[in-house]
Amino acid sequence: MKKYDVTGIGNALVDIEFKVTDQFFWDNKVEKGLMTLVDEQRQDALMKVINTEEAKKQCGGSAANTVIAVSQFGGSSYYCCKVANDELGYFYLEDLKNSGVDNSLEGKIPEEGITGKCLVMVTEDSERTMNTFLGITQNFSVKDINEWAIKDSKYLFIEGYLVTSPNGKEAMLHAKKIAENAGTKVALTFSDPSMVKYFKSGFEDVIGPSVDLLFANEEEAMLFTGKDNLAEAREEMKKAAKHFVITQGKNGAMIFDGDTFIDIEPYKTVAIDSNGAGDMFAGAFMYGITNGHSYASSGKLASMASSKIVSQFGPRLKWHEAKEILAKLNP
């Protein structure tokens, strides 16, 4: 028996989420719909023109959202991360603790620096746009990996955003090697189409011969495989992963369980914020497959959970909402 269902590695960012109009993007020269890395000055400039009183703040980053989801559904999770010895850093660690996630900084004093922040801008069409200042998490490296936590987990979950830096990519490869040597399965998410577009070769290096589980949306799957339709892309994906999930937004998802494709139906919802939908899908799905559910049942749970996420503001469920979703899955 392993202590954790999932250990995640990724960029630790305090998410500051707020609503904007398309005019805001035009006025402030922000590219809509993508995650864009910015420096501290650029982020501060944007902060000065938003209504921060209405902004929602919580610990985040793609992998953090996923391991928190695992915890909320009743699983056990751990997070390897890097925050600074500042106010936002301690806010991050406290929020992570309150979310039921153990972490690699417990009992330690964080390094001096600036904790990373992600400005999550949500428009009326529910699309999310992110401008991210990585801060100290851009130095996330091999030394921030907790080897015993990976060895004592059923799955290692690797966030795709780490591929943007040499030290982050090295950490991905290091963690994957630890997992493979320990018999821990490896899951990877592409995280964002821009990551696949600009860092495809980096992902190919990390994936190597294969990973156990790969998460992608339609655009990411086609970008990675070089195919212009989903039917061809999903066949090509078999070369990269033993199992994979392709999320399809309002059309649900497609799962390859190693033998067959499983179509996961969407749940009707009124979308107001797509931020965190993919992270939630991954977290709910990984909770399912590490706690006795089939791939089909786990996909259904993930679809239910992500439909709930997009119907509200913010990337995280409330604890009672996770229990209610589980109750619907197992009436």
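Look up: the structure comes first, before these words.
These notes cover the structure that comes with them. (Residues numbered from 1 in each chain as written. Predicted model: local features only at pLDDT ≥ 70, side-chain atom pairs only at ≥ 80, totals over all residues. Heavy atoms only, no water.)

**Here we look at unusual backbone geometry**
Line of reasoning, step 1. Positive phi is not limited to glycine here, since Lys29 has a value of about 55°.
Line of reasoning, step 2. Relative to the elements of secondary structure, Lys29 occurs in the loop between α1 (22–28) and β3 (35–37).
Line of reasoning, step 3. The exposed category is assigned to Lys29, whose relative accessible area is 74%.
Line of reasoning, step 4. Residues other than glycine seldom take positive phi values, yet Ser126 does so here, at roughly 75°.
Line of reasoning, step 5. Structurally, Ser126 is set in the loop between β7 (116–122) and β8 (128–133). (Helix = DSSP H or I, 4+ residues; strand = E, 2+ residues; numbered from the N terminus. Buried < 20%, exposed > 50% of the residue type's maximum accessible area, 1.4 Å probe, protein only.)

**Overview of the sheet that holds strand β2 (residues 13–19)**
Line of reasoning, step 1. The five strands lie next to each other as β3-β8-β7-β2-β4, forming an open sheet whose pairing is mixed. Looking at which strands have only one partner, the edges of the open sheet turn out to be β3 and β4 (56–60). Taking each pair of neighbouring strands and ignoring which way they run, the sheet shows an average axis angle of 25°.
Line of reasoning, step 2. Where β7 and β8 come together, six bridges link them in antiparallel fashion. When the sheet's bridge partners are listed, Val122 is paired in β8 with Arg128. (Pairing = 2+ DSSP bridges. Axes fitted to C-alpha atoms, helices over the stretch in contact; angles between N-to-C directions.)

**Digging into the pattern of salt bridges**
Line of reasoning, step 1. Throughout the structure, instances matching the rule amount to 16 salt bridges.
Line of reasoning, step 2. A salt bridge links Glu111 to Lys143; the nearest nitrogen and oxygen atoms lie 3.5 Å apart. Here Lys143 lies in the loop between β8 and α5 (147–151) and Glu111 lies in the loop between β6 (101–103) and β7, a separation of 32 residues in the sequence.
Line of reasoning, step 3. Judged by relative accessible area, which is 62%, Lys143 ranks as exposed.
Line of reasoning, step 4. For Arg128, the salt bridge identified is with Asp192, shortest N-O distance 3.4 Å. Taken together, the residues Arg128 in strand β8 and Asp192 in the loop between β10 (185–189) and α7 (193–207) connect sequence positions 64 residues apart.
Line of reasoning, step 5. Judged by its relative accessible area of 0%, Asp192 falls in the buried class. (Salt bridge = Lys/Arg side-chain N within 4 Å of Asp/Glu carboxyl O.)

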